[in-house]
Amino acid sequence: MSASAEATGRVYDLGFRRYEGPREGRRRAILAVYVNGLRTALGLGRGGRAKIVPWLFIGASLIPALVMALIAGAVDRAAPGFDASHDLPSHADYYRIAAIVLLVFVGVIGPELFCPDRRNGTISLYLVRPLTATDYAAARWAALLTVILAAAWLPQIVLLVGLVLGASDPGAYLGDHWADIPRFLLAGVALALYYTSLATAVAAHTTRRAYAAAFLVGAFVVSGAVISSVVGVLSSGTGRWVALLGLPNVPLYVNDLVFGAKETAGTAVAEELPGAIQVGWYLLVCALAVLLAWRRYRRLAL
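Summarised in this report is the structure supplied together with it. By convention here, each chain's residues receive numbers from 1 onward along its written sequence. In keeping with the predicted nature of the model, local features appear solely for residues at pLDDT of at least 70, side-chain atom pairs appear and are counted solely at 80 or more, and the whole-chain, interface and lining totals rest on all residues. For the side-chain quantities, the full set of heavy atoms in the structure was used; hydrogens and water were omitted.

**Observations concerning the overall build of the chain**
Secondary structure assignment for the chain yields 13 helices and zero strands. With a 1.4 Å probe rolled over the protein chains alone, any residue whose accessible area is under 20% of its type maximum counts as buried; one over 50% counts as exposed, and the rest are partly exposed. Sorting the 302 residues of the chain into buried and exposed places 41% on the buried side. In what follows, a contact means two residues having at least one pair of non-hydrogen atoms within 4.5 Å. Long-range contacts, defined here as pairs at least 24 residues apart, represent 75% of the contacts in the chain between residues at least 6 apart. Of the roughly 16400 Å² of accessible surface on the chain, 65% is carried by carbon and sulfur atoms. Secondary structure counts use DSSP, requiring at least four H or I residues in a row for a helix and at least two E residues in a row for a strand, with both numbered from the N terminus. What sets the accessible areas is the Shrake-Rupley method with a 1.4 Å probe; for residues, cover comes only from the shown protein chains.

**Some details on the nonpolar core**
Ranked by size, the top nonpolar core spans 77 residues in total, and within it F105, L144, Y194, Y195, L216 and Y297 carry the most contacts. If you list the elements that add at least two residues to this core, you get α2 (25–42), α3 (48–78), α5 (91–119), α7 (133–166), α9 (180–203), α10 (209–233), α12 (250–259) and α13 (275–300). Top element by residues in this core is α7. It accounts for 17 residues. We define a nonpolar core as any set of buried Ala, Val, Leu, Ile, Met, Phe, Trp, Tyr and Cys residues linked to one another through side-chain atoms lying within 4.5 Å.

**A closer look at the environment of A143**
With respect to the secondary-structure elements, A143 resides in helix α7. Residue A143 is classed as buried on the basis of its relative accessible area, which comes to 0%. Excluding its chain neighbours within four sequence positions, the residues that come into contact with A143 are Y34, G37, L38 and L113.

**Describing the pattern of salt bridges**
By convention in these notes, a salt bridge is any Lys or Arg side-chain nitrogen within 4 Å of a carboxyl oxygen on Asp or Glu. Counted under the stated rule, the structure contains six salt bridges. Here the salt bridges share partners, and the residues they tie into one network are D93, R96 and D256.

Rendered as structure tokens:
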């Protein structure tokens, strides 16, 4: 080596610096996965195309409530005998109307939270200490539940405002119907919990988002049609038990129990059973779905 080269040579220290910041541990890791799940479900922090689907479904669930709210506010002025509380669908009716929208919504958004991480192999980066497979699955499940719950509650709140403003005496209407608020909140939790649990169980067993969405929606459509046909040819004693197998109606049993309504054609047969059996079946289906998803993610950690 020449003298000139020795004179101009330099040594760079490229070593890693020890991290000296706060170590927030397992809870912070779970919260990070949860927040990331919320952002993923709503398309936040992503391109415009990623935002179209979630907000399109949220808008679709809001449109009927907005229409009914506008009708309640306008028709009462044009028709004094109009009673918004009786002449428009109630809060119990609205969940029956919005159930199909929420189903397709969770069928599309749910796999988005679970499938890509396993398909791309990034799940292995999550499953390092202190985050466990159960932590990851629980955080994603909670994020999906939060989004579906908001999509279920928001139209109900809009509908409540419309019915109150559409009443001839808003104060009296709110005083007479205040109990509808905890009812539609509780029924919304039941609906969101059911859809989230089943979507998580399906998405946990495939890395293909399209397959998970198609299977979930298809299972609801097929089971609803088949069970309805079978119940139609059975005696009422047997049919009411078989009717429990129809996936679309399971959360509606709880909805009708909460509101004290028994007007749903698809659930009329099963609602001849005691309420404890209807609720017990609902809880069993949710628990089995969560258990299947949990076992799947436990295997990934082994």
